[in-house]
Amino acid sequence: KILKMKLKGISLAILFFTSTLFAQKGDTPMNTYDMGGKIDFMKLTESGVLVVAGGGGFAGIKPGESQPHFVFKDYGKVKEEELTFIPMSPYVMIDEGAFGKSRKTVIDVVSGKKLFATEEQGWSIINSADIFLPQNKLVITGSHDRKSALGVYDLLDGSEVKLMHFKANSPQFITKPVIIDGGLLIGSNQSLMRIDLETGNIVWENKELSKISWLTSDPSGKEIYAFEKKGDGTRIHKISSTGNLLWQKERKIKGSIHQFQILPNGLACVSNTVSKSGKVESKISFLSPSDGTDLWEKAPTIKDYVTHFYIQDDGILFGLSGGGINKIDFNGTPLFKKPMKTGDNIHVMANTPK
């Protein structure tokens, strides 16, 4: 059968296939919905709920229902760029405003419920808002009750799990939160913390690690690498899942880290530096997981920007911005007699079965 829905001048026809496919004659819509303003964006979600955004706010429509499933008008007009759809979940985050004045709301499009709104929970400034699955937790950092704060909320019902206020000499959270070995890791300009997402309690805090930009770990989550931007270089720290330093001394790398991959035989690292003329040049390093020292006696000379980087069974394959493809083994020895010339600006590199 055919289900027709009219959305403020826009007609949408959806076909449902049964054992016998037939058409319903006539142009009269089965249901008509007034969205309260111009429609700027529509999307059919994986759950089958049609979401609509525009001058009338943000709304959801379920097939066959005569009334909208939900309508969100708190922020007035909602633009497409203000919507963040969380993959493999029913959650949509609405973000209105700029830094220092932003408001965020999380809506479950399946249930139609508003699960969280920063302004209703007392948040005045939002630095970050991240949703973690399958834990179904929302982590907020920013200013709450005029104090630096971190909050954890349960998106199953929108309840507060933990709200931590930091009083004197408040920390500024600068690390994008990540979940490693079942715990939430987040860094500030004062320390690196691990938080239990179920209770919101701080499990450990390492004050030797401050101003960490980002984190990654091996598949087990027991060996964690923390990256700290320092001047025109980067410092790499290695810690355990209990917050203890595993390297006696951090590894100093010139420039910013562009690629970092943890392999069984070493750590493949691509760093970029900018010359006085503004040219970006990359360097490939292969570091020891045990202490961070360089495993290659002499790194290959590149004098260009690495735009494509692939780990293969026998070595590292990479493509350059100025044209050319080369390959080195895990000892740092070139595997091609000379780089393959391709011309500038490689758009796509891909492995094939042969």
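Residues numbered from 1 in each chain as written. Predicted model: local features only at pLDDT ≥ 70, side-chain atom pairs only at ≥ 80, totals over all residues. Heavy atoms only, no water.

Asks: Outline the overall build of the chain, listing residues and values.
Replies: A tally of regular secondary structure across the chain gives zero helices and 29 strands. Scaling as 2.2 N^0.38, a compact globule of 354 residues should have a C-alpha radius of gyration of about 20 Å, whereas the chain reaches 26 Å, well beyond that. When its C-alpha atoms are laid out on the principal axes, the chain stretches across 75 × 60 × 45 Å. Per-residue burial over the chain gives 44% buried out of 354 residues. Per element, the accessible surface of the chain, about 19300 Å² overall, is 50% carbon and sulfur. Looking at the chain, you have 44 positive and 38 negative side-chain charges, and the mean spots of the two groups are 5 Å apart. (Helix = DSSP H or I, 4+ residues; strand = E, 2+ residues; numbered from the N terminus. Rg over C-alpha atoms; globule rule 2.2 N^0.38 Å. Buried < 20%, exposed > 50% of the residue type's maximum accessible area, 1.4 Å probe, protein only. Areas by Shrake-Rupley, 256 points an atom, 1.4 Å probe, with all protein chains shown as cover. Lys, Arg positive; Asp, Glu negative; His and termini not counted. Charge placed at Lys NZ, Arg CZ, Asp CG, Glu CD.)

Asks: Any chance you could break down the packing of aromatic side chains for me, citing the residues and the numbers?
Replies: For the structure shown, the criterion picks out eleven aromatic pairs. The residue whose ring lies beneath Lys43 is Phe85, and the NZ or CZ to ring-centre distance is 5.3 Å. (Phe/Tyr/Trp six-rings, centres within 6.5 Å; stacked < 30°, edge-to-face > 60°. Lys NZ or Arg CZ within 6 Å of the ring centre and 35° of its normal.)

Asks: Requested: an account of the environment of Leu150, with residues and values cited.
Replies: By secondary structure assignment, the location of Leu150 is in strand E14 (residues 147-154). Exposure remark for Leu150: the relative accessible area of 0% places this residue in the buried category. Taking C-alpha positions, Leu150 is 17 Å from Asn136, a pair spaced 14 residues apart along the chain. Beyond its immediate sequence surroundings of up to four residues, Leu150 is in contact with Trp123, Val139, Ile140, Thr141, Lys162, Leu163, Met164, Phe166, Phe173, Ile186 and Ile195. (Contact = heavy atoms within 4.5 Å.)

Asks: Give me the sheet that holds strand E18 (residues 192-195): which residues, what numbers.
Replies: Backbone hydrogen bonds are what pair the strands of a sheet, in a parallel or an antiparallel way. Spatially, four strands are ordered E16-E17-E18-E19 in an open sheet, and the strand pairing comes out antiparallel. Each edge of the open sheet is held by one strand with a lone partner, namely strand E16 (178-180) and strand E19 (202-206). Across the sheet, the mean angle separating the axes of adjacent strands is 25° when strand polarity is ignored. (Pairing = 2+ DSSP bridges. Axes fitted to C-alpha atoms, helices over the stretch in contact; angles between N-to-C directions.)

Asks: How would you sum up the pattern of salt bridges? Please name residues and give values.
Replies: Within the structure shown, the criterion is met by 13 salt bridges. The partner of Asp40 in a salt bridge is Lys77, and the shortest N-O contact between them spans 3.9 Å. Taken together, the positions of Asp40 in strand E4 (residues 39-44) and Lys77 in the loop between strand E7 (70-72) and strand E8 (83-85) put the pair 37 residues apart, joining distant regions of the chain. Of the charged contacts, one joins Glu250 and Arg235 as a salt bridge, the two residues approaching to 3.3 Å between their closest N and O atoms. In this pair, Glu250 is assigned in the loop between strand E22 (233-240) and strand E23 (251-254) and Arg235 in strand E22, connecting sequence segments 15 residues apart. (Salt bridge = Lys/Arg side-chain N within 4 Å of Asp/Glu carboxyl O.)

Asks: Got a sec to walk through the nonpolar core? Specific residues and values, please.
Replies: By size, the foremost hydrophobic cluster in this structure holds 15 residues, and its most contacted members are Val106, Ile131, Leu138 and Ile140. Broken down by secondary-structure element, the contributors of at least two residues to this core are strand E9 (91-96), strand E11 (113-117), strand E12 (123-132), strand E13 (137-144) and E14. Tallying contributions element by element places E12 first for this core, with four residues. In contact with Ile140, not counting residues within four places along its chain, are Phe116, Trp123, Ile126, Ser128, Ala129, Ala149, Leu150, Gly151 and Tyr153. (Core = buried A, V, L, I, M, F, W, Y, C linked by side-chain atoms within 4.5 Å.)

Asks: Talk me through the layout of surface pockets; I want residue IDs and the actual numbers.
Replies: Taken as a whole, the largest pocket holds about 280 Å³ of empty space. Along the wall of the largest pocket there are 14 residues; nearest its centre are Lys254, Ser271, Thr273, Ser282 and Lys283. When residues of the lining of the largest pocket are traced back to their parent elements, those giving at least two are E23, strand E25 (266-274) and strand E26 (280-287). Classifying every residue of the lining of the largest pocket by side-chain character gives three nonpolar, five polar and six charged. (1 Å grid on protein atoms, 1.4 Å probe; cavity = no way out; pocket = protein on both sides within 12 Å on 5 of 7 lines; lining within 4 Å. Points joined across faces, edges and corners; volume = space filled by probe spheres on them. Nonpolar A, V, L, I, M, F, W, Y, C, P; charged D, E, K, R; others polar.)

Asks: Give me the environment of Gly36: which residues, what numbers.
Replies: Within the element layout of this structure, Gly36 appears in the loop between strand E3 (31-33) and E4. Remark: the alpha-carbon pair of Gly36 and Lys162, spanning 126 residues in sequence, is separated by 38 Å.

Asks: So what's going on with unusual backbone geometry? Residues and values would help.
Replies: In this structure, Pro134 follows Leu133 across a cis peptide bond, with omega equal to 5°. As for its position among the elements, Pro134 is in the loop between E12 and E13. Residues other than glycine seldom take positive phi values, yet Asp181 does so here, at roughly 55°. Inspection of the secondary structure puts Asp181 in the loop between E16 and strand E17 (183-187). Positive phi, close to 60°, is recorded for Asn345, a residue that is not glycine. Structurally, Asn345 is set in the segment after strand E29 (325-328).

Asks: I'd like a rundown of the sheet that holds strand E24 (residues 256-263), residues and numbers included.
Replies: Strands sit in the order E24-E25-E26 across an open sheet of three strands; the sheet is antiparallel. Edge positions in the open sheet fall to E24 and E26, since each of these has one partner strand only. Put simply, the sheet's adjacent strands are angled 15° from each other on average, direction ignored.

Asks: Can you break down the pairing of strand E21 (residues 223-230) residue by residue, with the values?
Replies: As judged from the five bridges shared by strand E20 (residues 212-217) and E21, these two strands associate in the antiparallel manner. Paired with Leu215 across the strands is Ala226, a residue of E21. Between E20 and E21, which pair antiparallel and follow one another directly, the connecting turn spans five residues, one of which, Gly221, has a positive phi of 80°. Direction of pairing for E21 relative to E22: antiparallel, over a ladder of eight bridges. Within E22, the residue paired with Ala226 across the bridge is His237.

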